[in-house]
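Close look at the chain arrangement
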Amino acid sequence: QVQLVESGGGLVQAGGSLRLSCAASGRLFSRYAFGWFRQAPGKEREFVTVINWSGLRTDYTDSVKGRFTISRDTAKNTVYLQMSSLKPEDTGVYYCAASGSYSATAADFDSWGQGTQVTVSS
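This one's a predicted model, so the numbers in the text were calculated from it and none came from an experiment.

Per the counting criterion, the structure on display carries five salt bridges. Taking the shortest distance from any N to any O, the salt bridge between Arg67 and Asp90 comes out at 2.8 Å. Pair noted here: Arg67 is in the loop between β6 (58-60) and β7 (68-73) and Asp90 is in the loop between β8 (78-83) and β9 (92-99), with a separation of 23 residues, a long-range link. This pair shows no difference in class: Arg67 is buried, exactly as Asp90 is. Salt bridges linked by common partners bring Arg38, Glu46, Arg67 and Asp90 together as one network.

Along the chain, Ser17 falls in the loop between β2 (10-13) and β3 (18-25). In this view, Ser17 contacts Val12, Gln82, Met83, Ser84, Ser85 and Leu86; residues no more than four positions away in its chain are not counted.

It is worth spelling out the state of the cysteines at this point. Note on terminology: disulfide describes a covalent bond linking the sulfur atoms of two cysteines. Counting across every chain of the model gives one disulfide. Each disulfide pairs two cysteine sulfurs, and for Cys22 the partner residue is Cys96, the sulfurs being separated by 2.0 Å. One disulfide, between Cys22 and Cys96, carries an S-S torsion of 60° and so falls in the right-handed class. One end of the pair, Cys22, is in strand β3; the other, Cys96, is in strand β9, with 74 residues separating them in the sequence.

A few words on the sheet that holds β3. Through backbone hydrogen bonds, the strands of a sheet pair up, either in parallel or in antiparallel fashion. Ordered by their spatial adjacency, four strands build an open sheet running β1-β3-β8-β7, and the pairing between neighbours is antiparallel. Taken across any chain shown, the strands that pair with only one partner, and hence form the sheet edges, are β1 (3-7) and β7. Within the sheet, the average angular offset between the axes of one strand and its neighbour, ignoring direction, is 15°. As paired elements, β3 and β8 share six bridges and run antiparallel to each other. Across the sheet, Arg19 pairs through a bridge with Gln82, a residue of β8.

Basis of the calculations
Residues numbered from 1 in each chain as written. Predicted model: local features only at pLDDT ≥ 70, side-chain atom pairs only at ≥ 80, totals over all residues. Heavy atoms only, no water. Salt bridge = Lys/Arg side-chain N within 4 Å of Asp/Glu carboxyl O. Helix = DSSP H or I, 4+ residues; strand = E, 2+ residues; numbered from the N terminus. Buried < 20%, exposed > 50% of the residue type's maximum accessible area, 1.4 Å probe, protein only. Contact = heavy atoms within 4.5 Å. Disulfide = S-S within 2.5 Å. Pairing = 2+ DSSP bridges. Axes fitted to C-alpha atoms, helices over the stretch in contact; angles between N-to-C directions.

Treat this as a map of the structure, not an account of what it does.
The structure is reproduced here in structure tokens:
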């Protein structure tokens with residue numbers, strides 16, 4: 001099991017940018033797919049993006065395409081979510097997660113970070 005520690009959340013104005021980081025521990029980091037999920041107030045947790053173990057395949061939910069970018073640095077055991085052109089609708093708690101398979105379904109991820117709050121003001 002991979003341990004994940006998130007950082008980078010905060011309060012930004014609409015149109016601004018944030019970069020979230022997720023540091024992973026464990027020597028099998030390169031064998032996991034990593035995803036980001038978010039949960040807005042009063043709503044279910046939703047898929048945002050995922051990257052496979054090699055870093056060559058990514059997928060995004062339609063609402064963030066062109067604005068968010070997921071990446072990974074194997075040497076640093078870290079996954080990033082670069083967010084730009086932020087909208088109030090992006091507000092929520094963001095979670096990073098690790099999975100042994102490539103998936104956009106939360107149930108397929110067995111390791112989770114603690115979550116970091118992102119608030120976008122209008």
